[in-house]
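Take a look at the letters that make up each chain.
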Amino acid sequence: MEIILLGTGGPKPDPNRQGPSAVVRINSTFLLFDAGRGVMTQLARAGISFKDVNHLFVSHHHFDHISDLGDFILSGWNLGRTKTQSIFGPPGTQSIVNLLLNGVYKSDIAFRQREAQVGGETLADIIPLVEAVDVVPGLVFEDLGIRVICDFVKHGHGLGLSQDEWPCLAFRIEAEGKSVCISGDTINCEGLQRLANNADALVMCCYLSRKEMQDKEGALINDHI
């Protein structure tokens, strides 16, 4: 099991950091978590073929976590994807994907299909290739000895929004006797504790956490955060 951080930035554009996104590789299986700014460029930079990333897990719908969702879906398809692209996320994910395919990029998809035909090539119908699923806590994915479990976590925005109003997920990946917990924006909460319990690694966003990361004297525990 290998964890590859593609981007650790936040909503503010930063030339030194791309948007939130991470890949977990287990043998030849690649699991992508969030699709923040620059995800396709970062996948290419990491030497990961778009066609090999068949499963995307979305933590929540803040724009910095899904800003390149459309690019991820269309780029793989435009480069010849023929396998189903599975997208798992909190309630509302399916509606967002449907809007991208049947609204935002509808004309672009038709254009590229026609362009391919004129050039004597064939692009698969993208609609059946993309399978978006709204998920709730529990087992989300299981294949080839890999299990992905999710749970609701608190975002930590302090606005008093319920899980129904603003659902956020963390994920636990288990394979080969190892486990890792990956969360987007969150704070210490019951859902995170359940998933991270006895995990080998925890990957979570530390955006706007300078206060929590200070020691008793007020100095940053890690001045790179």
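In what follows, the structure referred to is the one given above.
Residues numbered from 1 in each chain as written. Predicted model: local features only at pLDDT ≥ 70, side-chain atom pairs only at ≥ 80, totals over all residues. Heavy atoms only, no water.

Caption draft 1: Up close: the overall build of the chain. When you go through the chain residue by residue, the secondary structure sums to seven helices and 11 strands. Relative to its length of 225 residues, the chain is compact, with a C-alpha radius of gyration of 18 Å against a globular reference of 17 Å. Relative to its full complement of 225 residues, the chain shows a buried share of 44%. Of the contacts made within the chain by residues no fewer than 6 positions apart, 58% connect residues no fewer than 24 positions apart. For the chain, the accessible surface area stands at approximately 12,100 Å², while carbon and sulfur atoms represent 50% of it. Between the centroid of the 19 positive side chains of the chain and the centroid of its 27 negative side chains there is a distance of 2 Å. (Helix = DSSP H or I, 4+ residues; strand = E, 2+ residues; numbered from the N terminus. Rg over C-alpha atoms; globule rule 2.2 N^0.38 Å. Buried < 20%, exposed > 50% of the residue type's maximum accessible area, 1.4 Å probe, protein only. Contact = heavy atoms within 4.5 Å. Areas by Shrake-Rupley, 256 points an atom, 1.4 Å probe, with all protein chains shown as cover. Lys, Arg positive; Asp, Glu negative; His and termini not counted. Charge placed at Lys NZ, Arg CZ, Asp CG, Glu CD.)

Caption draft 2: Quick look at the packing of aromatic side chains. Scanning the model with the defined rule gives six aromatic pairs in all. Arranged with centres 5.1 Å apart and planes meeting at 20°, the rings of F57 and F88 form a pair that is stacked. Linking F57 in strand β4 (residues 53-57) with F88 in strand β5 (residues 85-89), this pair joins segments that are 31 residues apart in sequence. Overall, the relative accessible area of 8% leaves F88 in the buried class. (Phe/Tyr/Trp six-rings, centres within 6.5 Å; stacked < 30°, edge-to-face > 60°.)

Caption draft 3: Molecular detail of the sheet that holds strand β8 (residues 146-152). With mixed pairing, the five strands of this open sheet are ordered in space as β7-β8-β9-β10-β11. This sheet does not close on itself; its edge strands, each paired only once, are β7 (138-143) and β11 (201-203). Across this sheet, the average inter-strand angle for adjacent strands is 20°, counted without regard to direction. In terms of strand pairing, strand β10 (residues 178-183) meets β11 through three bridges, oriented parallel. Bridge pairing in β11 links I182 to V203. (Pairing = 2+ DSSP bridges. Axes fitted to C-alpha atoms, helices over the stretch in contact; angles between N-to-C directions.)

Caption draft 4: Molecular detail of helix α5 (residues 106-118). Taking 1.5 Å per residue as the helical rise, α5 with its 13 residues ought to reach 18 Å, and the 19 Å between its terminal C-alpha atoms agrees with that figure. Two residues or fewer after α5 comes G120, characterised by a positive phi angle close to 80°. (Expected span 1.5 Å × (residues − 1).)

Caption draft 5: Fine view of the sheet that holds β4. Reading across the sheet, the six strands line up as β1-β2-β3-β4-β5-β6 and stay open at both edges, with mixed pairing between neighbours. Edge positions in the sheet fall to β1 (2-7) and β6 (130-134), since each of these pairs with one other strand and no more. When strand polarity is set aside, the average angle formed by the axes of neighbouring strands in this sheet is 20°. For strand β3 (residues 29-33) and β4, the ladder comprises four bridges, and the chain directions are parallel. By the bridge assignment, F33 is partnered in β4 with F57. Strands in contact with helix α4 (residues 93-104) are β5 and β6; relative to β6, the strand with the most contacts, it is inclined by about 150°.

Caption draft 6: View of the state of the cysteines. Per the stated rule, a full pass over the model turns up zero disulfides. Not part of a disulfide, C168 finds its nearest cysteine sulfur in C189, a span of 9.4 Å. For C189, a relative accessible area of 7% gives the class buried. (Disulfide = S-S within 2.5 Å.)

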